[in-house]
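Chain residues, written in single-letter form:
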Amino acid sequence: MKKIAVFTSGGDSPGMNACVRAVVRTAIFKGLEVYGIYRGYEGMIEGDIRRMQSYSVSNIVQRGGTILKSARSQEFRTPEGRKKAYENLKEFGIEGVVAIGGDGTFTGAKIFFEEYGIPTVGCPGTIDNDLYGTDYTIGFDTAVNTALEAIDKIRDTAAAHDRIFFIEVMGRDAGFIAVESGIGGGAEFVMVPETKTDLNQVVKSLKNLRKSKSSSIIVVAEGDDEGNAEVIMQKVKEKLNDKNKDFKVTTLGHIQRGGSPTARDRVLASRCGMAAVEGLIAGHQFHMAGVVNQEIRYTPFADCIGKAKPLNPDHLKLIDILNI
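Asker: How do you make sense of the side chain of Arg163 when you look at a structure like this?
Answerer: If you trace the backbone, Arg163 turns up in strand E6 (residues 163–169). Polar side-chain contacts of Arg163 include one of 2.7 Å to the side chain of Asp246. What Arg163 contacts, discounting residues up to four positions off in sequence, is Thr157, Ala158, Ser214, Ser215, Ser216, Asp246 and Lys248.

Asker: Help me understand the side chain of Glu226, please; the structure alone is not making it clear to me.
Answerer: In this fold, Glu226 is placed in the loop between strand E8 (216–221) and helix H8 (229–240). When its relative accessible area of 19% is taken as the criterion, Glu226 is described as buried. If we ignore the near neighbours within four places in the chain, the residues touching Glu226 are Thr197, Leu199, Val231, Ile232 and Lys235.

Asker: Please clarify how the packing of helix H3 (residues 79–91) against helix H4 (residues 103–116) should be interpreted in this entry.
Answerer: The relative placement of two packed helices comes down to the angle between their axes together with the axis-to-axis distance. The geometry of H3 relative to H4 is characterised by a closest axis approach of 11 Å and an angle of 70° between their N-to-C directions. Compared by their axis directions, H3 and H4 come out roughly perpendicular. Touching Pro79, Arg82, Lys83, Ala85, Tyr86 and Leu89 of H3 are Ile111, Phe112, Glu115 and Tyr116, all from H4. Looking at the contact of H3 with H4 residue by residue, the class counts come to seven nonpolar, no polar and three charged.

Asker: How should the state of the cysteines be read in this particular structure?
Answerer: Should the sulfur atoms of two cysteines be covalently bonded, the bond is a disulfide. Scanning the model with the defined rule gives zero disulfides in all. Cys19 forms no disulfide, and the closest cysteine sulfur to it belongs to Cys123, at a distance of 3.6 Å.

Asker: Got a minute to help me understand the sheet that holds E6 in this structure?
Answerer: Strand pairing in a sheet relies on backbone hydrogen bonds. The paired strands run either parallel or antiparallel. Pairing is parallel in the open sheet, where four strands are placed in the order E7-E8-E6-E9. Each edge of the sheet is formed by a strand with only one pairing partner; in this case those strands are strand E7 (189–191) and strand E9 (246–251). Pairwise comparison of adjacent strand axes, ignoring direction, gives a mean angle of 20° for this sheet. Alignment of E6 against E9, held across six bridges, turns out to be parallel. Looking at E9, one finds that Phe166 is bridged to Val249.

Asker: How do you make sense of the pattern of salt bridges when you look at a structure like this?
Answerer: In a structure, side chains of opposite charge can pair up when their charged atoms sit close to one another. Inspection of every chain in the model, using the stated rule, returns 16 salt bridges. Of the charged contacts, one joins Asp48 and Arg39 as a salt bridge, the two residues approaching to 3.3 Å between their closest N and O atoms. A residue is classified by how much of its surface remains accessible, and Arg39, at 26% relative accessible area, is partly exposed. Salt bridges linked by common partners bring Arg39, Glu46, Asp48 and Arg50 together as one network.

Asker: Could you clarify how one ought to interpret the layout of surface pockets in this entry?
Answerer: A water-sized probe, rolled over the atoms, reveals where empty space remains. Space inside the largest pocket adds up to approximately 640 Å³. Along the wall of the largest pocket there are 30 residues; nearest its centre are Gly10, Arg72, Asp103, Gly104 and Thr105. The greatest single-element share of the lining of the largest pocket, amounting to six residues, is contributed by H4. Tallied by class, the residues present in the lining of the largest pocket amount to six nonpolar, 14 polar and ten charged. Empty space within the second largest pocket amounts to approximately 460 Å³. Lining of the second largest pocket is provided by 19 residues; of these, Glu188, Phe189, Val190, Ile319 and Asp320 occupy positions nearest its centre. Breaking the lining of the second largest pocket down by element, the ones donating at least two residues are E7, helix H7 (199–209) and helix H11 (313–322). When its residues are assigned to classes, the lining of the second largest pocket shows ten nonpolar, five polar and four charged.

Asker: How should the sheet that holds strand E4 (residues 96–101) be read in this particular structure?
Answerer: With respect to topology, seven strands assemble into an open sheet ordered E3-E2-E1-E4-E5-E10-E11, the strand pairing being mixed. Among the strands making up the open sheet, the edge pair consists of strand E3 (49–52) and strand E11 (295–300). Taken pair by pair, the neighbouring strands of this sheet meet at an average axis angle of 30°, ignoring direction. Pairing analysis gives five bridges linking strand E1 (residues 3–8) to strand E2 (residues 33–37), with the strands arranged parallel. What sits directly across from Ile4, in E2, is Val34. Across the sheet, helix H1 (residues 16–29) touches E1, E2, E3, E4 and strand E5 (120–124), and the angle it forms with E4 is around 165°. The sheet contacts of H4 involve E1, E4, E5 and strand E10 (286–292), and relative to E4 the element is tilted by about 155°.

Asker: Looking at this structure, how should I read the environment of Val23?
Answerer: Among the structural elements, Val23 can be located in helix H1. Spatially, the C-alpha atoms of Val23 and Tyr55 are 13 Å apart, while their sequence positions differ by 32 residues. If near-sequence neighbours (up to four positions away) are discounted, Val23 is found in contact with Val6, Val98, Gly273 and Val277.

Parameters at a glance
Residues numbered from 1 in each chain as written. Predicted model: local features only at pLDDT ≥ 70, side-chain atom pairs only at ≥ 80, totals over all residues. Heavy atoms only, no water. Helix = DSSP H or I, 4+ residues; strand = E, 2+ residues; numbered from the N terminus. Polar contact = N/O pair within 3.5 Å; in protein donor to acceptor, adjacent residues only side chain to side chain. Contact = heavy atoms within 4.5 Å. Buried < 20%, exposed > 50% of the residue type's maximum accessible area, 1.4 Å probe, protein only. Axes fitted to C-alpha atoms, helices over the stretch in contact; angles between N-to-C directions. Parallel < 35°, antiparallel > 145°, perpendicular 65-115°, else oblique. Nonpolar A, V, L, I, M, F, W, Y, C, P; charged D, E, K, R; others polar. Disulfide = S-S within 2.5 Å. Pairing = 2+ DSSP bridges. Salt bridge = Lys/Arg side-chain N within 4 Å of Asp/Glu carboxyl O. 1 Å grid on protein atoms, 1.4 Å probe; cavity = no way out; pocket = protein on both sides within 12 Å on 5 of 7 lines; lining within 4 Å. Points joined across faces, edges and corners; volume = space filled by probe spheres on them.

Rendered as structure tokens:
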């Protein structure tokens, strides 16, 4: 293998740039030519591919977003689009690819590999932390800390006005951000897609909490079975039926995707980027490079996107115990 390429795809996450940097510099260190594919699969189809040098990734480790840009490609979902992408890779002589992204990115890579056999190693770039095969995904730690900072500030105003705040965090169909930011922020309740939400129990507990607490923080993962934070707030308000209580909703949204990555995310991204290049050289053709119990592990794409990653039950237990 003499030439490889790297791209970022799907939702951006803090630490993607650190991962790109590690891929580029590891490839050069190993004597490979390395190319950057801009705008993900869309750029692969359009041939937006550029040679990268060590200086191409200078001063980016601390930056959020991705210098390679990202885009969602409808054309790549078609056989014709994937054929164009393959022809462009062959034109540049690219023999292996590093894909930085999440579930959708790896699903596309799986189909592409099955059709054309381009060796691909993935790096887990998503704030959702929902990929099987790695303890944490790139960007998750930063997103949790961003959410935690917001929760701390909201708690100040909640206490000042004796309010009940419902704070919605991202995570798609996974509650990892909600659980960790909820524990760190001392939330009274955390609602996640992985467990069924019992609103009657929430109302009962809120009534009991009024004896000792004048305000409450409820963290809601965007994929909760009872709906989003606004919907859940209205349901709880109706059931609680307390005209003296003030209810507020804050949706944190895309601020969780931006910002300078934490040290933890920079190190994780750098390790995964290096491991991805080494994996390609070693013959891994259809795997994600992740970190499990502090060690690099290569997991087949089929497992990454096919197996559910469970929440830590001890974390859910903590929420119940610490916030009585």
